[in-house]
Amino acid sequence: MARNLFGGTAADVAEDASGVRVPTITGTIWDGPTAGATRVLDLMDLEGAPISVVTSDVYGMIPPFYGPAVSPERLYVDFGSGIRTAILASDVGERFASHLAALDPHGTKAEALSEINARIGAPGGIAPIGSDGLVPPQYIPSTGPPTASVAAFLAMPAPAYIAHRGSGMEYPEHTMAAYDAALTSGVRAIEVSVNVTAEGIPVCVHDQTLDRTTNATGPVSDWVYPSLINGVTVQPTQILGNGWKPQPLPNLRDVLDRFLGKVVIFLEAKSNDAAPIVQSILQTYYPTANQSVVWKNYYKSPTFATMKARGFTTWGYVDDTTTDADLTTYGPSIDIWGVPHTMASSRIQQITSRPDGKKVICWEVHRRSQRDTLTGLGVWGMMCAQYKWVSSTKQILKKDNWATQVKAPGDMGRTYYSGVRDLKYDGTGAAFMDVTGDAVMIGSCSIPDFPTNGYRVTFDMQFTGTVPTNEHAGIAFGKADDSSYQFGAANPAGGYHMVFRGNGDMQIFSHTAGSTSGTQLATAATAAPVANTWMSFQVDVTPANVKITRTDVTPNVTVTSTNTAYRGGFIHVTGGSVSNIANRPRWRKLTVNAL
């Protein structure tokens, strides 16, 4: 074994008992600092000549020398003061570097390699390195076989649900709040849309502009990412109520990091600029994404060929102009067809009946009645903007939640993703509409199945102005499904509507599916409404009759009909025929309970 080098450094000095440096003094070398130590005589100078002592130079520095053949890292020098001072090997760094550079410094390389190779790929062992220098995906726990797979999702029976924009009519669309809530609600798949900023950062937003959903305006591609994340938030209040706070705009990496493998993701790049960026991210950072991501785009998109080659399942959505020839031409790149809910039923059925046997998903689905119709047409998947409502089968609330100023599942107007015809909340527990002549279904409080003894609806209503004597508002009820309702329109389902007029008349009308006019069943005169004054009503629907009572007057006034044509439990508040927004109705304290 080579001798270690000692001395020759700025730290190696000869000192007396007081710590003063002493030149040209001779010292002896020992293997320890105590009285029982042994003197070391097997020393050599730099030329290799034997020495037994060391002598400091004219500056009091200990010159370099070699230690004994069996060389320790530390020796002790005694210059006659009775104190033995430690002196460390000065060539340890060089020896360590030489050790590191040696191919087999310990002579155990072959044995170690054999042990390592035996553990590669073994359970609890070591992951191998692929030819590309990366660990193969199947050996990476965070991106290994996902708990949610496309294959398992496609094996589900109809109807299969996908949360459209994260169930964007129940939660702020394309936000972490929406995706989280959708998973918590039990959904097995979500839709994620992507646009890119000016410097190419992918963010989750449906529109290519920020105007509709955020506090900003203009194209997403006109914003740099730092400005976007510091100045732009999703503003859900117009659609979902003032109780919702602004939400951050998520980037794609955050969404994939949190949800990949936990839920099937229908992923769409919404622009030509976004597509290659999203594809590159999937390939580089998420090598097993094809197991739990469905690549979604317009059926003519050139991106399908690449994604099919990478093992992704593809969903190509069509429109009313798509011909059978188009379906045949582009079909080889498409695994699942997508149809819009506005497409004619006959055309949807033609696509679901095609000989290719491919599954069909419809977007966007808001109502259970839509789902039932689509299922009857052979549609397998429902991309739901109101997943919790559509997938539920029971009454959600027995009384309204309007004091929270947050839209409840199933409360919806006749239009979607705009907020124009949705309920608004004033913060006191009252709800109203910003349009005239319309209605909003209160699905959250509706009873899907008629109870044995019927049900009771109670509510307060007021007009904010003086209503002309023949104009009216109230509620629609008794409807067998959750299809939309509007006074004076040919509605999809029949039912009743309670009319309260500006002269105080309280009436029961029935309306037949497909008819624009109703039939008066009963009427009673009550006190005329007073602007901004609350009135109270009770509606009882039993197997034998329909009875409406005004309970804020003494004596109470009741109107009854023995008509039994409609016994559904779906409820709507309706602005009826009120023509001036200044006189619009407001409602509060709505309850729906089985009798």
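As a starting point, this report considers the structure included with it. Treat the numbers as computed from the prediction; the structure is a model and nothing was measured.

This part covers the nonpolar core. Counting 55 residues, the largest nonpolar core has Ile 190, Val 192, Ile 265, Leu 267, Leu 282 and Trp 295 as the members making the most contacts within it. It is helix α8 (residues 274-285) that provides the largest number of residues to this core, a total of five residues. Dropping the residues within four chain positions of it, Leu 282 is found in contact with Leu 256, Leu 267, Pro 287, Ala 289, Trp 295, Met 307 and Phe 312. Val 435, Ile 508, Val 541 and Val 573 belong to the second largest nonpolar core, which has 42 residues in total.

Here the focus is the packing of aromatic side chains. Under the defined criterion, the tally for this structure stands at 19 aromatic pairs. Seen in terms of ring centroids, Tyr 298 and Tyr 299 are 4.8 Å apart; in terms of plane orientation they differ by 65°. Their pairing is edge-to-face. Centre to centre, the rings of Phe 450 and Tyr 455 are 6.0 Å apart; their planes meet at 75°, and the pair counts as edge-to-face. The class of Phe 450 is partly exposed, set by a relative accessible area of 29%. Clustering of aromatic rings is evident, with ring pairs tying together Phe 153, Phe 266, Tyr 298, Tyr 299, Trp 315, Tyr 317, Tyr 330, Trp 363 and Trp 380. The lysine or arginine in question, Arg 84, covers the ring of Trp 30, its NZ or CZ lying 3.7 Å from the ring centre. Above the plane of the ring of Tyr 285 lies Arg 253, whose end atom (NZ or CZ) is 4.1 Å from the centre.

Turning to helix α12 (residues 368-376), its buried residues are Arg 368, Ser 369, Gln 370, Arg 371 and Leu 374. Buried residues belonging to α12 abut β9 (160-163), α11 (345-352), β18 (360-365), β19 (381-384), α13 (387-391) and β32 (570-574). Looking one or two residues past α12, Gly 378 carries a phi angle of roughly 95°, positive in sign.

Under the counting rule described, the total for this entry stands at 20 salt bridges. Put simply, Lys 296 and Glu 191 hold a salt bridge, and the shortest N to O gap is 2.9 Å. One end of the pair, Lys 296, is in strand β15 (residues 293-298); the other, Glu 191, is in strand β10 (residues 189-196), with 105 residues separating them in the sequence. Accessibility assignment for this pair places Lys 296 and Glu 191 in one class, buried. Here Glu 268 makes a salt bridge to Lys 296, at a shortest N to O gap of 2.3 Å. Taken together, the residues Glu 268 in strand β14 (residues 264-269) and Lys 296 in strand β15 connect sequence positions 28 residues apart. As far as the burial class goes, Glu 268 and Lys 296 line up, both buried.

A separate point is the pairing of strand β23 (residues 439-442). Along β23, one buried face is formed by Ala 439 and Met 441 and the opposite face, lined by Val 440 and Ile 442, is buried too. Across two bridges, strand β20 (residues 411-412) lies against β23 in antiparallel orientation. Each bridged residue has a counterpart across the sheet, and for Asp 411 the counterpart in β23 is Ile 442. Here three bridges tie β23 to β32, and the two strands are oriented antiparallel to one another. Bridge pairing in β32 places Met 441 opposite His 572.

Calculation notes
- Residues numbered from 1 in each chain as written.
- Predicted model: local features only at pLDDT ≥ 70, side-chain atom pairs only at ≥ 80, totals over all residues.
- Heavy atoms only, no water.
- Core = buried A, V, L, I, M, F, W, Y, C linked by side-chain atoms within 4.5 Å.
- Buried < 20%, exposed > 50% of the residue type's maximum accessible area, 1.4 Å probe, protein only.
- Helix = DSSP H or I, 4+ residues; strand = E, 2+ residues; numbered from the N terminus.
- Contact = heavy atoms within 4.5 Å.
- Phe/Tyr/Trp six-rings, centres within 6.5 Å; stacked < 30°, edge-to-face > 60°.
- Lys NZ or Arg CZ within 6 Å of the ring centre and 35° of its normal.
- Salt bridge = Lys/Arg side-chain N within 4 Å of Asp/Glu carboxyl O.
- Pairing = 2+ DSSP bridges.

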